[in-house]
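Report on the structure
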2 protein chains.
Amino acid sequence: MTSSNKPALPVIRRLPKYYRYLINMQQAGEKNVSSSELSRMMGTTASQVRQDFNCFGGFGQQGIGYKVDTLVTEIRHLLFGDGQPLPTILVGAGRLGTAVSQFLVRDANGYSLLAAFDNNPELVGKTLGGIPIRHVDELRSFCSQYHPQVAVLCLPREGATQLSSTLVEMGVKGFWNFSHYDLSVDYPQVMVENVHLGDSLMSLGYHMRNL
Amino acid sequence: MTSSNKPALPVIRRLPKYYRYLINMQQAGEKNVSSSELSRMMGTTASQVRQDFNCFGGFGQQGIGYKVDTLVTEIRHLLFGDGQPLPTILVGAGRLGTAVSQFLVRDANGYSLLAAFDNNPELVGKTLGGIPIRHVDELRSFCSQYHPQVAVLCLPREGATQLSSTLVEMGVKGFWNFSHYDLSVDYPQVMVENVHLGDSLMSLGYHMRNL
DNA sequence: CCATATTTGTCAAATGTTTGTCAAAGACAT
DNA sequence: ATGTCTTTGACAAACATTTGACAAATATGG
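In this report, we go over the structure that sits alongside the text. Keep in mind that this is a model prediction, so the values were computed, not measured.

With an RMSD of 0.0 Å, chain B superimposes on chain A once it is rotated by 180° and translated 0.0 Å along the axis. Such values leave the two copies arranged in the relation of a two-fold axis. Using C-alpha coordinates, one finds that chain B approaches the rotation axis most closely at Ala99(B), a distance of 3.1 Å. The fraction of interface residues of chain B whose copies in chain A are also interface residues reaches 100%, indicating that both copies meet through the same surface.

Here the focus is the packing of aromatic side chains. Residue and element names in this part refer to chain B. Summed over all chains, the structure comprises 16 aromatic pairs over all chains. Relative to Tyr146, the ring of Phe142 has its centre 4.6 Å away and its plane inclined at 35°; by these criteria the two rings are tilted. Taken together, the residues span about one helical turn, with Phe142 and Tyr146 both in helix H6 (residues 139-146) at a distance of four residues. Residue classification places Phe142 among the buried positions, given a relative accessible area of 5%.

The environment of DNA strand C is formed by 27 residues, the closest being Gln62(A), Ser35(B), Asn54(B), Gln62(B) and Tyr66(B). Close to the protein, within 4 Å, the atoms of DNA strand C belong to sugar or phosphate groups at a rate of 64%. Contact distances for DNA strand C include 3.4 Å between a phosphate oxygen and a backbone N or O atom of Gly58(B). Between DNA strand C and the protein, one listed contact pairs a phosphate oxygen with a backbone N or O atom of Gly60(B) at 3.0 Å. Those elements that place two or more of their residues in the surface near DNA strand C are helix H1 (9-27) and helix H3 (46-55) of chain A together with helix H3 (46-55), strand S2 (60-61) and strand S3 (65-67) of chain B. Here the element with the most residues in the surface near DNA strand C is H3(A); it accounts for four residues. For the surface near DNA strand C, the residue count by class is six nonpolar, 18 polar and three charged.

What follows deals with the protein's contact with DNA strand D. Close to DNA strand D lie 28 residues, the nearest being Ser35(A), Asn54(A), Gln62(A), Ser47(B) and Gln62(B). Backbone sugar and phosphate groups make up 63% of those atoms of DNA strand D lying within 4 Å of the protein. In this structure, Arg50(A) approaches DNA strand D through a side-chain N or O atom, which is 3.0 Å from a base nitrogen. For the surface near DNA strand D, the secondary structure elements donating two or more residues are H3, strand S2 (60-61) and strand S3 (65-67) of chain A together with helix H1 (9-27) and H3 of chain B. Element by element, the count of residues in the surface near DNA strand D is highest for H3(B), at four residues.

A few words now on the pattern of salt bridges. Tallied over the entire structure, the rule returns eight salt bridges over all chains. Here Glu169(A) makes a salt bridge to Arg140(A), at a shortest N to O gap of 2.6 Å. Highlighted residues: Glu169(A) in helix H7 (residues 157-169) and Arg140(A) in helix H6 (residues 139-146), separated in sequence by 29 residues. In this structure Arg140(A) comes out as partly exposed when scored by relative accessible area, which is 40%. Here the salt bridges share partners, and the residues they tie into one network are Arg20(A), Asp182(B) and Asp199(B).

Leaving glycine aside, a negative phi is the common case for residues, and trans is the common case for peptide bonds. One non-glycine residue, Gln189(A), lies in positive phi territory at about 70°. Within the secondary structure, Gln189(A) sits in the loop between strand S9 (174-177) and strand S10 (191-194).

A few words on the nonpolar core. Val152(A), Trp176(A), Phe178(A), Val152(B), Trp176(B) and Phe178(B) are the most contacted members of the largest nonpolar core, which totals 48 residues. In this structure, Val152(B) is in contact with Thr88(B), Ile89(B), Leu90(B), Val91(B), Val100(B), Leu104(B), Trp176(B) and Phe178(B), ignoring residues within four places of it in sequence.

Definitions and cut-offs
- Residues numbered from 1 in each chain as written.
- Chains lettered and ligands numbered in written order.
- Predicted model: local features only at pLDDT ≥ 70, side-chain atom pairs only at ≥ 80, totals over all residues.
- Heavy atoms only, no water.
- Least-squares fit on C-alpha atoms with pLDDT ≥ 70 in both.
- Contact = heavy atoms within 4.5 Å.
- Phe/Tyr/Trp six-rings, centres within 6.5 Å; stacked < 30°, edge-to-face > 60°.
- Helix = DSSP H or I, 4+ residues; strand = E, 2+ residues; numbered from the N terminus.
- Buried < 20%, exposed > 50% of the residue type's maximum accessible area, 1.4 Å probe, protein only.
- Near = heavy atom within 4 Å.
- Polar contact = N/O pair within 3.5 Å; in protein donor to acceptor, adjacent residues only side chain to side chain.
- Nonpolar A, V, L, I, M, F, W, Y, C, P; charged D, E, K, R; others polar.
- Salt bridge = Lys/Arg side-chain N within 4 Å of Asp/Glu carboxyl O.
- Core = buried A, V, L, I, M, F, W, Y, C linked by side-chain atoms within 4.5 Å.

The following block contains the structure:
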């Protein structure tokens, strides 16, 4: 039990990666892990691993290392809180939306998908792996009844900005944005995670052509 | 025409974003743009914009600013080279693979999707927006005939690591990796862009629960 | 033609992040 | 018990990135 500084952004972005590796170790039955061992797996330095864990109040033991179970529990708590899943909606049920919703339901933890919305009449009424697709016109009434916390945006850039205002107004606190648009809401206490597949691909292109 | 340093990684990751904004400006018919104007759109400082462009040999003019067309041309050249699209294959034609291939074909530039591969016999023989799905057993022979440069990986983590070795062996120079696995090949001159949707989602969760 | 306003390119200062180092703590073998 | 080995936590040094400041260049208006 030591001092804990406020964690920097890069540290937080590394947490999911730690978590993935630690879950694997746990499933492999490993009990303890040292910072150097973890650093080798993660492709970083032991120093960084120790400093990262220290941000959250170092939970290691000199001479032994870290208990895998402790780390998993602590990091899970940081990432998922008390385990209560965040009520979530999907806006845009096209191909990308379908794939993302599958991912959310099958592979992700900490979120529960309540409903999907689209403005295409052909999609409305169908289901998405058990989740009904509604018309976007129902969005407001749905929100005032079920109070979703998170919205996953998989729609064309045109609609995104105005829709996000509405959703913030209706109490949405976090956006996972796949639309081709840099979403940034002006309200504090509202988080946005932009996923730009196009940017990612362009970066790859740059590196391939310039190295 | 001024001195140009080797660009740092953060600069390169900003290029696609500049590009997006500049394309919009171009379509809106704007001729010139100042660093301060761009910085306001991008949510950064004018200083950073100027310094970023300078890495590639500043192409602005004092008193006026930057020509939008020049910037677009220069950045496009950095990102897409001479415009020759990179021959690309998709491995894993499930839901995610389908969505990603759609994105690649419809919304992305600089890549041409030659073929898709899967080990599910039910998918083999079908097409993916005009692209035929083949069995992974044909991968080697396909590569030796068509020499794809880029592989998009949308398969479960189990297969990914071994498959990537094979692909590197067959001459693939870049990976766009969606599999639940930190791909890192040990060969220099091979680039990997890992897209971890799960990590992105966990980051969002952290910020929502700890702020 | 000159004064003023704008804007870049450059450099240095400030800030943020990572890495190296070492004392202190615990485990383990003898 | 004692000495040796391992490993953490803490701190400082090294490194990287961003920001601020200003001279030089160009445009504009009188």
